[in-house]
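Listed below are the residues making up each chain.
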Amino acid sequence: VGIAEGHLMTSAAGLAGAGFIPFAHCHGIFGLGRAYNQIRQNVAYDLRNVKIVLCNCGVIWGILGPSHQVIEDLAALRAIPRLTILSPADAVSCEKATYAAAEHAGPVVMRLPSTSDSFPTLYTNDIEYEIGRAICVRDGNDATILATGILVSDALTAAEELERAGLSVRVLDVHTIKPLDEEAVLQAARETGALVTVEDATVLGGLGGAVAELTAERFPTLVRRVGVKDRFGESGKPAEVKEVCELTAPFIRRAVEEAVEAKVKRAK
């Protein structure tokens, strides 16, 4: 449909109404910014079986700068009822998420990064993928990192470094932002007592917000949020922007150390 994102979402809703399973693919910043109303009204409100693939999300698409870096997508989309939001960590889980989205009855948004950088493969094809069920990629009992998308890799690096320093850290791949795996989050809160969320998005209202909301109501637990602070991104190489926005393993490691220290102080 060309540069007409609202038309794209409305057309997809129409195709779904005719019995098809349309996949509408678009840059994240434009799919969200120019078609939010159509996603809300024509897809979610009308409960159309549309699968929306938003690419180039987050700040890792560094070279094009703040005008093209969408960091508010998780917060904005979480607020829309009836939407399922997927955020795969690598190519394997992305393929699994695609098939799961096609089989799921109802609107789905799949959040993907830019291809301007390469990302490690974390899983093999025998991975058990289920919408709404987080994957425990590393067990531990001192703290839990709840990461989503491409930053799961950085979370694992941080956990491995912390193990060498004497801390046992669980890592959950929260590939489904909505519906959140409440059981896994609450279990981590009860068993480890310190949670750190990690996302390539604003800390306001995304995964960190979802975890904080849940634990505040059901099992009050210390939560540290690693993500883009209340700011826009910057132009630069992906690795440089990632460092400036404090999304690398050292920042995750520091957040875990602070969470564990606070947990120990609270216990006293």
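First things first, this report covers the structure right here in the doc. Not measured: the values here are computed from a predicted model. (Residues numbered from 1 in each chain as written. Predicted model: local features only at pLDDT ≥ 70, side-chain atom pairs only at ≥ 80, totals over all residues. Heavy atoms only, no water.)

**Concerning the packing of helix α6 (residues 152-164) against helix α10 (residues 249-267)**
The test is simple: Comment: axis = line fitted to C-alpha atoms, over the contacting stretch for helices; angle = value between 0 and 180 degrees taken between N-to-C directions. Each helix is a run of DSSP H or I of at least 4 residues and each strand a run of E of at least 2, with the numbering of both proceeding from the N terminus. Each angle receives one of four descriptions, namely roughly parallel if under 35 degrees, roughly antiparallel if over 145, roughly perpendicular if within 65 to 115, and oblique otherwise. Each crossing is labelled by how the near helix is turned from the far one, with a counterclockwise turn of less than a right angle marking it left-handed and a clockwise turn marking it right-handed. The contact rule is simple, with two residues in contact once any of their heavy atoms fall within 4.5 Å.
The N-to-C vectors of α6 and α10 enclose an angle of 55°; their axes lie 8 Å apart at closest approach. Comparing their axes, α10 and α6 come out oblique. In terms of crossing hand, the pair formed by α6 and α10 is right-handed. Contacts between α6 and α10 pair Asp154, Ala155, Thr157, Ala158, Glu161 and Leu162 from the former with Ala249, Ile252, Arg253, Val256 and Glu257 from the latter.

**Comments concerning the pairing of strand β2 (residues 51-55)**
Under the convention used in this document: The cut-offs for exposure are 20% and 50% of the maximum accessible area for each residue type, with area from a 1.4 Å probe on protein chains only; residues under the lower value are buried, those over the upper are exposed, and the others partly exposed. Criterion used throughout: strands pair if DSSP finds at least two bridges between them.
In terms of burial, β2 is a largely internal element, five of the five residues being buried. Side chains Lys51, Val53 and Cys55 project from β2 onto one buried face, and the interleaved Ile52 and Leu54 project onto a second face that is buried too. Across five bridges, strand β1 (residues 23-27) lies against β2 in parallel orientation. Paired with His25 across the two strands is Val53, which belongs to β2. Summarising the sheet, β2 and strand β4 (residues 108-111) pair through four bridges and their orientation is parallel. From the neighbouring strand, Val53 faces β4, where its bridge partner is Met110.

**What about the sheet that holds strand β7 (residues 169-173)?**
The mixed open sheet is built from five strands, whose spatial order is β5-β7-β6-β9-β10. Two strands lie at the open edges of the sheet, namely β5 (135-138) and β10 (222-228), each paired on one side alone. Mean inter-strand twist for the sheet, computed between neighbouring axes without regard to direction, equals 25°. Of the pairings in the sheet, the one linking strand β9 (residues 194-202) to β10 comprises six bridges and is parallel in character. Residue pairing across strands places Leu195 opposite Val223, the latter belonging to β10. α6 rests against β5, β6 (143-147) and β7 of the sheet, and its axis sits at about 170° to β7.

**Considering the layout of surface pockets**
Heads up, the condition is: Whether a set of points on the 1 Å grid over the protein atoms alone is a cavity depends on a 1.4 Å probe fitting there but being unable to get out, while an open set qualifies as a pocket with protein on both sides within 12 Å along at least five of seven lines; lining residues are those with an atom within 4 Å of a point. Grid points are joined across faces, edges and corners, and a volume is the space filled by probe spheres set on the points. Residue polarity follows a fixed list, in which Ala, Val, Leu, Ile, Met, Phe, Trp, Tyr, Cys and Pro are nonpolar, Asp, Glu, Lys and Arg are charged, and the others, Gly among them, are polar.
Its boundaries defined by the atoms lining it, the largest pocket holds a volume of some 280 Å³. Every residue lining the largest pocket is counted, 16 residues in all, and those nearest its centre are Ala134, Ile135, Cys136, Asp181 and Ala184. The element contributing the most residues to the lining of the largest pocket is helix α7 (residues 182-192), with four residues. Class assignment of the residues belonging to the lining of the largest pocket gives a composition of seven nonpolar, two polar and seven charged. Empty space within the second largest pocket amounts to approximately 220 Å³. Asp90, Ala91, Leu112, Pro113 and Phe119 are, among the 14 residues lining the second largest pocket, the residues nearest its centre. Partitioned by chemical class, the residues of the lining of the second largest pocket number ten nonpolar, two polar and two charged.

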